[in-house]
Amino acid sequence: MKRIIGSVPMLAMVVLLALFAGCASSETSSGTGEYIDDTVITAKVKAAIFNESTLKSAEINVETYKGIVQLSGFVSSRADIDTAVRITRGVKGVKSVTNDMTLK
């Protein structure tokens with residue numbers, strides 16, 4: 001019985017390490033914290049684009065992965081593309097912007 005009780009702290013440490021390792025990021029996946037950060041960045045970019053009256057925000061898609069924001073969708077002019085990219089770069093937490101928007 002003492003042997004079992006003595007191994008409980010070690011077992012708890014192993015479980016905690018496994019949980020932390022499961023939440024860590026890698027080259028191909030983001031960790032829990034990064035996922036939440038990316039979700040916040042995406043929401044901020046969408047709000048900033050929505051608040052720009054010259055853009056049709058429903059036609060611009062925003063995705064974020066590790067702080068890199070990808071803009072896609074259809075816009076009416078090169079000026080709209082430039083505006084969307086400029087607005088996105090101004091959002092806190094954005095590391096870079098990938099522009100995949102297409103002119104209609």
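The notes below deal with the structure included here. Worth saying up front: this structure is predicted, and the values here are computed from it rather than measured. (Residues numbered from 1 in each chain as written. Predicted model: local features only at pLDDT ≥ 70, side-chain atom pairs only at ≥ 80, totals over all residues. Heavy atoms only, no water.)

Observations concerning the nonpolar core
Right, so step 1: Formed by 17 residues in total, the largest nonpolar core has its most connected members in Val45, Ile49, Ile60, Val69, Leu71, Val94 and Met101.
Right, so step 2: Looking at this core, the elements with two or more residues in it are helix H2 (32–50), strand S1 (60–65), strand S2 (68–75), helix H3 (78–89) and strand S3 (96–103).
Right, so step 3: In terms of residue count, the dominant contributor to this core is H3 (four residues).
Right, so step 4: Setting aside anything within four residues of it in sequence, one finds Met101 in contact with Ile60, Leu71, Ser72, Gly73, Val75, Ile81, Ala84 and Val85. (Core = buried A, V, L, I, M, F, W, Y, C linked by side-chain atoms within 4.5 Å. Buried < 20%, exposed > 50% of the residue type's maximum accessible area, 1.4 Å probe, protein only. Helix = DSSP H or I, 4+ residues; strand = E, 2+ residues; numbered from the N terminus. Contact = heavy atoms within 4.5 Å.)

Overview of the sheet that holds S2
Right, so step 1: The strand order across the open sheet formed by three strands is S1-S2-S3, and the pairing between neighbours is mixed. Unpaired on one side and paired on the other, S1 and S3 mark the two borders of the sheet. For this sheet, the mean angle separating the axes of adjacent strands, direction not counted, is 10 degrees.
Right, so step 2: Where S1 lies against S2, six bridges are found, and the strand directions are antiparallel. When the sheet's bridge partners are listed, Glu63 is paired in S2 with Gln70.
Right, so step 3: Helix-sheet contacts for H3 involve S1, S2 and S3, and the interaxial angle to S3 is about 160 degrees. (Pairing = 2+ DSSP bridges. Axes fitted to C-alpha atoms, helices over the stretch in contact; angles between N-to-C directions.)

A word on unusual backbone geometry
Working note: non-glycine residues mostly have negative phi, and peptide bonds are mostly trans.
Right, so step 1: The phi dihedral of Lys66 is positive, around 55 degrees, even though this residue is not glycine.
Right, so step 2: Following the sequence through the fold, Lys66 ends up in the loop between S1 and S2.
Right, so step 3: Judged by its relative accessible area of 21%, Lys66 falls in the partly exposed class.

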